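Next come the chains, spelled out residue by residue.
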Amino acid sequence: MADEVIIKGTDNIEIIKGRILEIRGQRVMLDKDLAELYGIETKRLNEAVKRNINRFPDDFMFVLTDNGCV
């Protein structure tokens, strides 16, 4: 696992750009892609966000459903 995220070079930037999706008019990254970027398990990323939810903007994380977002 990586202790830090290092983004250098055009190749890495293009990889990250390729993981940005547009869903319902919003640019987003999936939790699994963010976790991979940080070198951690997806489960651990979600736990860290939930544990520190006050450190993130209200729209940082959401769950898509058939009826909208939760």
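Look above for the structure.
On a predicted model such as this, the values are computed, not experimentally measured, just so you know.

Things to note about the pattern of salt bridges
Inspection of the entire model under this criterion finds 5 salt bridges. Its salt-bridge partner being Arg 19, residue Glu 36 comes within 3.3 Å of it at the nearest N-O pair. Taken together, the residues span a long stretch of sequence, with Glu 36 in helix H2 (residues 31-38) and Arg 19 in the loop between helix H1 (9-18) and strand S1 (21-23) at a distance of 17 residues. Beyond isolated ion pairs, a larger network of salt bridges with shared partners links Arg 19, Lys 32, Asp 33 and Glu 36.

Some remarks on the packing of H2 against helix H3 (residues 42-51)
Packing of H2 against H3 brings their axes to within 8 Å, and their N-to-C directions diverge by 100°. By the angle class used here, H2 and H3 are roughly perpendicular. Contacts from Asp 31, Lys 32, Leu 34 and Ala 35 of H2 reach H3 at Thr 42, Leu 45 and Asn 46. Tallied by class, the residues present in the contact of H2 with H3 amount to 3 nonpolar, 2 polar and 2 charged.

Describing the side chain of Asn 46
By the element assignment, Asn 46 lies in helix H3. By relative accessible area, which is 18% here, Asn 46 ends up buried. What Asn 46 contacts, discounting residues up to four positions off in sequence, is Asp 31 and Met 61.

Conventions and cut-offs
- Residues numbered from 1 in each chain as written.
- Predicted model: local features only at pLDDT ≥ 70, side-chain atom pairs only at ≥ 80, totals over all residues.
- Heavy atoms only, no water.
- Salt bridge = Lys/Arg side-chain N within 4 Å of Asp/Glu carboxyl O.
- Helix = DSSP H or I, 4+ residues; strand = E, 2+ residues; numbered from the N terminus.
- Axes fitted to C-alpha atoms, helices over the stretch in contact; angles between N-to-C directions.
- Parallel < 35°, antiparallel > 145°, perpendicular 65-115°, else oblique.
- Contact = heavy atoms within 4.5 Å.
- Nonpolar A, V, L, I, M, F, W, Y, C, P; charged D, E, K, R; others polar.
- Buried < 20%, exposed > 50% of the residue type's maximum accessible area, 1.4 Å probe, protein only.

That's the geometry; what it means functionally is another story.
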